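So the chains spell out like this:
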Amino acid sequence: MRLLLPLLFLAARIHAAEIHVAPGGDDRQPGTAEAPLATLGAARDAARPFLGKEPVTIHLADGIYYLPETLVFTTADSGSAEHPVVWKAEREGGAVVSGGLRLDLAWESFENGIFRATTPAGLSIDQVFVNGVRRHMARYPNFDPAATTQAYQGFAADAFSKQRAAKWSDPVGGYIHSMHRSRWGGYHYRITGKKPDGSVAYEGGWQNNRQMGMHPQQRMVENLFEELDAPGEWFHDAKTDTLYYQPHPGEDLEDATVEVVRLPHLIEFRGSAEEPVAHLTLRGLVFRHTARTFMQTREPLLRSDWTIYRGGAVVLTGTEDVAILDSEFDQPGGNAVFFSNYNRSGRVEGCHIHDCGASGVCFVGDPGAVRDPLFEYGQTQDLLQVSREAGPKTPNYPADCVVEDCLITGIGRVERQPAGVQISMAARITVRDCSIYDCARAGINISEGTWGGHLIEGCDVFKTVQETHDHGSFNSWGRDRFWHPNTSVTAKAVAEVPDLPRLDAVETTVIRHSRWRCDHGWDIDLDDGSSNYEIHHNLMLGGGLKFREGYHRRAWNNILINNGFHPHVWYPDCHSAFERNIVMAAHADIRCAAGWTDRIDHNFHTSTPVLERNRAKGGDTHSLAGDPKFVDPAAGDFRVAPDSPALEVGFENFPMDRFGVKKASLKAIAATPEIPALRGIAPKSPIDVGDTRSWLGAKIHSLRGEEFSAFGTRKEDGGVQLTDVPAGSAALQAGLRKDDLIQRIDGKPVRHSLDLFRLTGASRDGAMTVGIIRDQKPETLRVPAK
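So, on to the overall build of the chain. For the chain, the helix and strand inventory stands at eight helices and 64 strands. What you see for the chain is a C-alpha radius of gyration of 28 Å, in line with the 28 Å of a compact globule of 786 residues. Taking the principal axes of the C-alpha coordinates as reference, the chain spans close to 95 × 65 × 55 Å. Looking at the chain residue by residue over its 786 residues, the buried ones come to 62%. Long-range pairs, those at least 24 residues apart, make up 67% of the contacts in the chain with a sequence separation of at least 6. For the chain, the accessible surface area stands at approximately 29300 Å², while carbon and sulfur atoms represent 50% of it. Positive and negative charge centroids in the chain, built from 84 and 102 side chains respectively, lie 5 Å apart.

Encoded structure:
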């Protein structure tokens, strides 16, 4: 138990509510500016007698505070609205809270440019930092800093082949990292040894909620001594207490600061809805050196693609009015900030969060608060038997919290299903004036509809989905109570009970006045079931806007540069609209129910052929086409001139200089997206109308662009969609249906219509085995060749 402060200390304090702590202090001192305490734990305990009686400020002097254990705040550490508690760095960024340990090492040359040193006995090392920079475990293939859009910035199909493993003398404790076979995130495994045949034995793979197996090529291994062959790599042999490291050219190990990581969490707030930790602020601190937690990422977030680890550098459970302000989260091994279960009025503001192993800021509620929860994509229930009561069962979830004016970059340095801001089972979360970029997956992700009411505004989100696939700078799912993998089941249930889609998404989520760019997916991706959204006054610079399988979605007054609207798999009567937007491409509809164009109108198109094609689909009756007369597109100003014809459809200008962080120190270092050169502003620019042929009497369409997402497949696999299968056609008689996706004939790949006709003609026995995707599941049929 910590040393109790003597009564003399309490009596001698000059300012009872001002407590000072410094790395060179002493916990036996009174905690004044002249005689500070040494540890954060002692400062916390010294503050308790004054809490609730007067405001309390704990001043942290410059220096590094190496924590021996996680610093825990309970309700005993709460302030009040009248008498708050503030933990404050004397100089912003000067006080560092570390979960690491500085090593005093005697290095000696080993071989091939590698040095080695003896470490303290029994030390387990998860990460090594040299002069403040995280170094890589010995890995294969080596890390390529320039390959920012390659999986793991270096991958190899033979990463753990028997041939590769043959040179590993003792691989136990090594790790396998692999992308999901469809690149929907990744998997991680711990190597447990070798099998008798020389193949690698391992455990893990629970980090993705779409269990479909490893990608056959995109794999990487690490923490293997024999793979130590590049500058900046290290390996720790725990059996001999030896650290091996290959320094970068010019890196002097005699003068280097070497730190290792021990703690997964630096600070934890442990309260509850009944007894919350309240009115406490952390200001101006740097949080550094937290352990990677990818092997603990295993809790499924309902039917989203995610699993989660409820942890981070700062973990908040059961709080009210707790704030983290003007702080830096420097290279955390897992999540930076995690709001778990009950939290109200939490705030993360003015922070720089960068180079996270997992996510930046997470808001994740309790599945026990969800009515009729399911936990895996394929799980289903009788939609007419679910509870008809709207909203959560309990208050055990984050609500009314804010992430504002933050710079969030380098997300997913270890894990490949992260987000700059992650929201799941929460309500009324605001993300405002944030710059978010350099992300392995989404910049902002909402895992399901529970319970909506979120506001995203003023953000600048780009360079996302860097290493993954089929996602967006903003991504959401809505596999809620109303959702079923078979769209006809949902459509029938909602026709009978129209309120089903808003039983969980009870409040409208708004995305507005933000700038988005995704070059590897969609700028804004409302995926499976996402419902009850309003999207307006956004600038989208790359991937356009996608709506899939949801209800009550409306997009208006957005600008979609070099792209357009992607309606995927719409239900009948889904109460969705796309109006008064500026678009530069034809609507990329796929698998939509009749009538989907009913509220697609009053848009402005930048070419007449695009407008004509969209009108041919049945919508855009009152839409117009022409030159929108952007003010200065090369400089990113896509406002339109006063005489722009776009104004005639009701489009309204909105500011182009207010995206992203506002805090001066963050704005000075924040990047902005590359502004693309304009394409397709021409009165008669041609367009590709795609396949017009038929096969076995069915109309066909070769997948293009991002259309593969409508079928839950991989882009590289391609395929041919049956867009119409008329009665009496040979295709219908063979058991094929509208919207089947053909991907194989007699075991050979069908990527486009040329493959389909070539392989059909090559069939010799009068029948062929056709591999299709139906309702996102693979099936096989025997089909006559003629």
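Pairing between the strands of a sheet comes from backbone hydrogen bonds, and it takes one of two forms, parallel or antiparallel. The sheet built from five strands is open, its strands ordered β8-β9-β19-β18-β12 with mixed pairing. Of all strands in the sheet, those with a lone pairing partner are β8 (108-111) and β12 (136-137), marking the two edges. Note: strand β18 (residues 233-237) against strand β19 (residues 242-245), four bridges, orientation antiparallel. Of the residues in β19, the one forming a bridge with H236 is L243.

It is worth spelling out the side chain of N603 at this point. Along the polypeptide, N603 turns up in the loop between β53 (600-601) and β54 (604-605). For N603, the side chain forms a polar contact with the main-chain oxygen of F578, separated by 3.1 Å. For N603, the contacting residues outside a window of four places in its chain are F578, E579, R580, N581, D620, S623, L624 and V649.

Extensive coverage of strand β41 (residues 472-476) is indicated by the burial of five of its five residues. In the sheet, β41 pairs with strand β44 (residues 522-526) via four bridges, with the strands oriented parallel. When the sheet's bridge partners are listed, S476 is paired in β44 with L526.

What follows deals with the confidence of the model for the chain. Chain-level pLDDT for the chain is 94 on average; 96% of the residues reach the 70-or-more range. Taken together, the stretch residues 1-15 has pLDDT below 50 and engages in 18 contacts with residues farther than four places along the chain or on a different chain. Per-residue pLDDT stays below 50 along residues 685-690; that stretch engages in 10 contacts with residues further than four places along the chain or on separate chains.

Along the chain, the position of G365 falls in the loop between β31 (361-364) and β32 (398-399). Looking at G365, the relative accessible area reads 0%, which means it is buried. Taking the C-alpha atoms as reference points, G365 and A668, separated by 303 residues in sequence, lie 35 Å from one another.

Taken in spatial order, the five strands make up an open sheet running β13-β17-β14-β15-β16, and their pairing is antiparallel. Looking at the sheet topology across the chains shown, the edges are occupied by β13 (139-140) and β16 (200-204). Of the pairings in the sheet, the one linking strand β15 (residues 186-194) to β16 comprises five bridges and is antiparallel in character. Note on β16: the bridge partner recorded for R190 is E203.

With seven of eight residues buried, strand β63 (residues 767-774) lies mostly within the body of the structure. Of the pairings in the sheet, the one linking strand β61 (residues 741-745) to β63 comprises four bridges and is antiparallel in character. Within β63, the residue paired with L741 across the bridge is I773. Strand direction decides the pairing type here: β63 and strand β64 (residues 777-784), joined by eight bridges, are antiparallel. Each residue of the ladder has a partner; that of I772, found in β64, is E779. Joining the antiparallel neighbours β63 and β64 is a turn of two residues, in which D775 adopts a positive phi near 55 degrees.

Bringing the state of the cysteines into the picture now. Scanning the model with the defined rule gives zero disulfides in all. The thiol sulfur of C356 is not disulfide-bonded, and the nearest other cysteine sulfur, from C362, lies at 9.2 Å. With no disulfide of its own, C439 lies 9.3 Å from the sulfur of C356, the closest cysteine sulfur.

Another aspect to go through is the pattern of salt bridges. Under the defined criterion, the tally for this structure stands at 54 salt bridges. Among the ionic pairs, R292 bridges to E222, the shortest N-O distance being 2.8 Å. Within this pair, whereas R292 is found in the loop between β23 (285-288) and β24 (299-300), its partner E222 is found in strand β17 (residues 214-222), the two being separated by 70 residues in sequence. The exposure classification of R292 matches that of E222, with both residues buried. Bridged by salt links that share partners, the residues R210, D305, R479, D528, R548 and E549 form one connected network.

Moving on to helix α8 (residues 753-762). Of all the positions in α8, only S753, D755, L756, L759 and T760 are classed as buried. In an axial view of α8, the angular spread of the buried residues amounts to 155 degrees, which keeps them on one side of the axis. Facing away from the buried side of α8, by more than 90 degrees, are the exposed residues L754 and G761. Its buried side turned inward, α8 meets β58 (694-695), β59 (698-702), β60 (720-724), β61, β62 (748-749) and β63.

Scanning the entire structure with this criterion turns up 27 aromatic pairs. Ring geometry for Y437 against F462: centres 4.7 Å apart, planes inclined by 15 degrees, an arrangement best described as stacked. Of this pair, Y437 sits in strand β37 (residues 435-439) while F462 sits in strand β40 (residues 460-462), and the two are 25 residues apart along the sequence. Feature note: the residues F547, F565, W570, F578 and W596 constitute an aromatic cluster, connected by ring pairs. The ring of W483 has R479 lying over it, and the distance from NZ or CZ to the ring centre is 5.7 Å. One cation-aromatic arrangement involves R553 over W570; the distance from NZ or CZ to the ring centre is 5.0 Å.

Each value, and the rule that gives it
Residues numbered from 1 in each chain as written. Predicted model: local features only at pLDDT ≥ 70, side-chain atom pairs only at ≥ 80, totals over all residues. Heavy atoms only, no water. Helix = DSSP H or I, 4+ residues; strand = E, 2+ residues; numbered from the N terminus. Rg over C-alpha atoms; globule rule 2.2 N^0.38 Å. Buried < 20%, exposed > 50% of the residue type's maximum accessible area, 1.4 Å probe, protein only. Contact = heavy atoms within 4.5 Å. Areas by Shrake-Rupley, 256 points an atom, 1.4 Å probe, with all protein chains shown as cover. Lys, Arg positive; Asp, Glu negative; His and termini not counted. Charge placed at Lys NZ, Arg CZ, Asp CG, Glu CD. Pairing = 2+ DSSP bridges. Polar contact = N/O pair within 3.5 Å; in protein donor to acceptor, adjacent residues only side chain to side chain. pLDDT = per-residue confidence, 0-100. Disulfide = S-S within 2.5 Å. Salt bridge = Lys/Arg side-chain N within 4 Å of Asp/Glu carboxyl O. Arc of directions from axis to C-beta. Phe/Tyr/Trp six-rings, centres within 6.5 Å; stacked < 30°, edge-to-face > 60°. Lys NZ or Arg CZ within 6 Å of the ring centre and 35° of its normal.

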